[in-house]
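Residues per chain are reported as follows:
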Amino acid sequence: MMPPPPDGDFSTLFNFLPIGAYRSSPDGQMLRANQALVALNGYATEAGLIEGVKNIAVEWYVDPARRQEFKRLLDRDGFVRGFVSEIYRHKTRERVWISENAHAVRDAAGGLRYYEGTVEDITDRIRSQKALHESEEKLRLITSQVPGMVFSVFVRPDGQREYLYVSPGVRDIYGFEPEDLMRDSLLASRYRHPDDQAILEQDMQEIQKGPVDLGGEFRIVLPDGRVKWVYRRSYAVSAGPEGTHRVGVLLDITARKEAEAALHANEALWKLALESAGDGVWDWDLLSGEEFFSSGIKRMFGYEDSDIANLSAEFDSRTHPDDVTQMQADRQAHFEGRMPVYRNEHRIRCKDGSWKWVLSRGMVISRDEDGRPLRMVGTHTDITEHKLAEAQQRALEAQLRESQKMEAIGTLAGGVAHDFNNLLAAILGNLVLAREDVGEGHPAQESLTEINRAAIRARQLVQQILTFSRRQTQEMVRQPLTPLVEEALGLMRSLLPAGIKLAARLPGRSLPVLADATQMQQVLMNLCTNAWQAMDGQSGDITVALREVSLDASKALQLGGIPSGAYACLSVADNGPGMDEDTQRRIFEPFFTTKAPGAGTGLGLAVVHGIVKAHRGAIQIQSRPGEGARFDVYLPLASEAAPGDEAPVQKLPDSRAEVAAAGKHVIYIDDYEALVFLVGRLLRKQGYRATTFESGEAALEWLRAHPQEPVDLVVTDQNMPGMSGVEVARLMLRLRPALRVAIVSGHVNDKLLAEAAEAGVREVLGKQDSMDALGEAIGNLLEQPAA
């Protein structure tokens, strides 16, 4: 048996301690360690720990600077208490938190021998503190976003309260800090309005009975005398013998209460005002179903006051069945807060059985503590006439769409009139010659007469189609162009394919024009559609611009001879493949298209051209292959004065008697072989010298080859493959400036007249109804003096 330890030997206590204890040298060597410290560092024996630790500063402390701070405090004070650091378990390198208490041991001369101290593992405490701090910070962040004051309070059985948490929102309501209320739990109750103190006492009685949810409104009086309304909601989260833990929120509802008070104070005034404005007023108690109807509402539908009880079901039952579902849905949307104001249009059956349209508007002005609507007020406005006007507008729009359809038919007729007239002219002309050839008594005369009659009917049919197409009614109204363009662009954006970007550059001015709104929007739609279709599935940009321009006489002449002055210029530009000059010359011709078969009708730009011309405007294209295209539409700006009469239409001179044709040389050009043969035969039969060609190129080649051959008149068709009649005339007049040239077309328009005049053409003739008329027209031209 070992002898008992001498007095002053604490080795047994050293190893018995539940926390770590140590002795270390000033240079960081571990001299002694009890079993608790050995285990804390992951070792089995004291010898293993002492052998393993070489330098406490760098091997033990996560932050080596903590060792320097530890030694500094010991050198200064001779001891440290509660020195908290993060360390490594020396063997496992696991990080833990410790609290150290230590002192310096010195010899008799005052020299430092070593440090002694204790080490306590406080990792769980540090983690709990960190988690609590994070939880409190999250709570602070959450409650800072909640309007009003969020609180947590412990209420003891005797009514004493202790606030555990108060959010910063208390400042906005009471004006004091959260800490003020947490120090003095009675502070808020002293702000209660004297008339509402009974509410506080009643709440305390309810709490003492057991866990209860509380809610309600009360007033507080601030030190400066201002009165605020507060809404309070609180819940019990736990309860026991010691008391009840409650959480809740306070909201400042002063603004709402003031608005309600103002509404009640002015209720009679606004009802009177609405009645005088022609609106009927209703006031609906949603709980009881009672609804006050002003006499104006009842008179609106032909009822006397006594005919209709003041119940909401009265007019609901008279609502048109087709309108009930939407009416109820709109009400519910307002009740649930999804719509700020109730608004609905529906029909109500009148006393005489007819239906009237009303616009019903209203708002909930009172809700209970759970937000359920209690009272709703509003008006009924008779919009029957407005609805009838809308129906008429839709009918007019349908008529307009139909007129546009007819316009497309007219454009189609204009495009094919050339070929139809050629065919009919050939038939009728050959009929005349055939009847002369066979003689009056020939048996074939009867059949030839029937053929002539059928051909005349066909010619009349073509003329009827053309005449009908030119009688389209237009709603020419002075109106701003900018809103029309904006509306069309809104529709166009929903129709564009993926990859096409639409940009707009519109002016602040409205740019008034005399225009048909639908047709103007059709112009823009057609131009934009043409732009994106030209990109052939590729991505690209379309830019629509609108600006005011001033056209001088020179520019106006280039645009087809329109009057000079102020114009609105609507531009549609794209960065697509562009067009060559040949394509640009024919781009507005009906049925002309560069798209693959079946991909386009060739009518879109022709319709645009026709609409612009009908608006006394002009359209111009600028394009190069690979550089995109830009269409500029010029529309005259409208003045404040009423629009003037239509410009007088240029008329052909009256025909005159046929003159002697002997010796006169006439050149006739047409791409239709049958008509060339017929006209040549007719002219020769009438005594002319006739030279005929089936193309302008062939006629020019002959004219160059026969410079000395006299020519009295050239008559050329306008619409031919290759060179047009105007181009043929221009080149012939370069060769022979005094030459008389006339153009024949089945579709004479302002553009053709302007181009022909610019080229020096003597006359532009419409397609003749018969060969006799053509011969007469040629005779009249030859009678005119040479230029």
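Caption draft 1: Region of interest: the packing of aromatic side chains. Evaluation of the coordinates by the stated rule reveals 12 aromatic pairs. Note on Tyr174 and Tyr191: the rings are 5.4 Å apart at their centroids and 90° apart in plane angle, and the pair reads as edge-to-face. With a gap of 17 residues between them, Tyr174 in helix H7 (residues 170-174) and Tyr191 in the loop between helix H8 (178-183) and helix H9 (197-209) connect regions that are remote in the sequence. The pair Tyr174 / Tyr191 is uniform in exposure class, with both members buried. Between Phe301 and Phe315 the ring centres are 5.4 Å apart and the planes differ by 50°, which places this aromatic pair in the tilted class.

Caption draft 2: Summary view of the environment of Val62. Examined against the element boundaries, Val62 turns out to sit in the loop between helix H4 (56-59) and helix H5 (65-77). Spatially, the C-alpha atom of Val62 lies 4.9 Å from that of Ile87, the residues being 25 residues apart in sequence.

Caption draft 3: Representation of the packing of helix H18 (residues 517-534) against helix H21 (residues 604-614) in the model. Running from N to C, H18 and H21 point in directions that differ by 145°, and their axes come no closer than 9 Å. For the crossing formed where H18 meets H21, the hand is left-handed. In this structure, H18 uses Gln519, Met520, Gln522, Val523, Asn526, Leu527 and Asn530 to contact H21, whose residues at the interface are Gly604, Leu605, Val607, Val608, Ile611 and Val612.

Caption draft 4: Molecular detail of the nonpolar core. Leu481, Leu524, Leu527, Ile542, Val544 and Phe631 are the most contacted members of the largest nonpolar core, which has 41 residues in total. Sort the elements by how many residues they give to this core and H18 lands first, with 7 residues. Apart from the residues lying within four places of it in its own chain, the contact partners of Leu524 are Val485, Ala488, Leu489, Val544, Leu570 and Val572.

Caption draft 5: Layout of helix H25 (residues 750-759). For H25, the complete set of buried residues consists of Leu752, Ala756 and Ala759. Relative to the axis of H25, the buried residues are bounded by an arc of 60° and lie together on one face. Within H25, the exposed residues directed more than 90 degrees away from the buried face are Asp750, Ala757 and Glu758. Looking one or two residues past H25, Gly760 carries a phi angle of roughly 95°, positive in sign.

Caption draft 6: Seen up close, unusual backbone geometry. A positive phi angle, near 55°, is found at Asp536, a position not held by glycine. Assignment of secondary structure puts Asp536 in the loop between H18 and strand E19 (540-551). Positive phi, normally seen in glycine, also occurs at Arg616, with a value near 60°. Within the element layout of this structure, Arg616 appears in the loop between H21 and strand E21 (618-623). Using a relative accessible area of 37% as the deciding quantity, one classes Arg616 as partly exposed.

Caption draft 7: Expanded view of the pattern of salt bridges. In total, this model carries 39 salt bridges according to the counting rule given. When the shortest N-O distance is used, the salt bridge between Glu177 and Arg171 registers 2.6 Å.

Caption draft 8: Main features of helix H22 (residues 673-685). The terminal C-alpha atoms of H22 lie 18 Å apart, and with 13 residues this matches the ideal 18 Å at 1.5 Å per residue to within 8%. Among all positions in H22, only Leu675, Val676, Leu678, Val679, Gly680, Leu682 and Leu683 are buried.

Caption draft 9: Structural detail: the side chain of Gln445. Position of Gln445 among the secondary structure elements: in helix H16 (residues 444-469). According to the relative accessible area criterion, Gln445 is buried, its value standing at 12%. Separated by 3.0 Å, the side chain of Gln445 and the backbone oxygen of Arg435 make a polar contact. The residues contacting Gln445, other than those within four sequence positions of it, are Arg435, Val438, Gly439 and Glu440.

Caption draft 10: Broad picture of the sheet that holds E21. Spatial ordering of the open sheet is given by E17-E19-E20-E22-E21, a layout of 5 strands whose pairing is mixed. Because the sheet does not close on itself, it has two edges, and the strands there are strand E17 (500-505) and E21. Ignoring which end each strand starts from, the neighbouring axes of this sheet average 20° apart. Its contacts with the sheet place H21 against E21 and strand E22 (629-636), and it is angled at close to 140° to E21.

Caption draft 11: Spotlight on the confidence of the model for the chain. Averaged over every residue, the pLDDT of the chain is 82; residues scoring 70 or more account for 84%. Confidence, read as mean pLDDT per element, is least for helix H11 (residues 267-276) in the chain (56) and greatest for E22 (95). Low pLDDT (under 50) marks residues 464-473, which in the prediction has 10 contacts with non-local residues, meaning those over four places away or in another chain. Segment residues 641-660: pLDDT under 50, and 22 contacts once partners within four positions in sequence are set aside and those in other chains are kept.

Reading the values: the criteria
Residues numbered from 1 in each chain as written. Predicted model: local features only at pLDDT ≥ 70, side-chain atom pairs only at ≥ 80, totals over all residues. Heavy atoms only, no water. Phe/Tyr/Trp six-rings, centres within 6.5 Å; stacked < 30°, edge-to-face > 60°. Helix = DSSP H or I, 4+ residues; strand = E, 2+ residues; numbered from the N terminus. Buried < 20%, exposed > 50% of the residue type's maximum accessible area, 1.4 Å probe, protein only. Axes fitted to C-alpha atoms, helices over the stretch in contact; angles between N-to-C directions. Left-handed = near helix turned anticlockwise from the far one by under 90°. Contact = heavy atoms within 4.5 Å. Core = buried A, V, L, I, M, F, W, Y, C linked by side-chain atoms within 4.5 Å. Arc of directions from axis to C-beta. Salt bridge = Lys/Arg side-chain N within 4 Å of Asp/Glu carboxyl O. Expected span 1.5 Å × (residues − 1). Polar contact = N/O pair within 3.5 Å; in protein donor to acceptor, adjacent residues only side chain to side chain. Pairing = 2+ DSSP bridges. pLDDT = per-residue confidence, 0-100.

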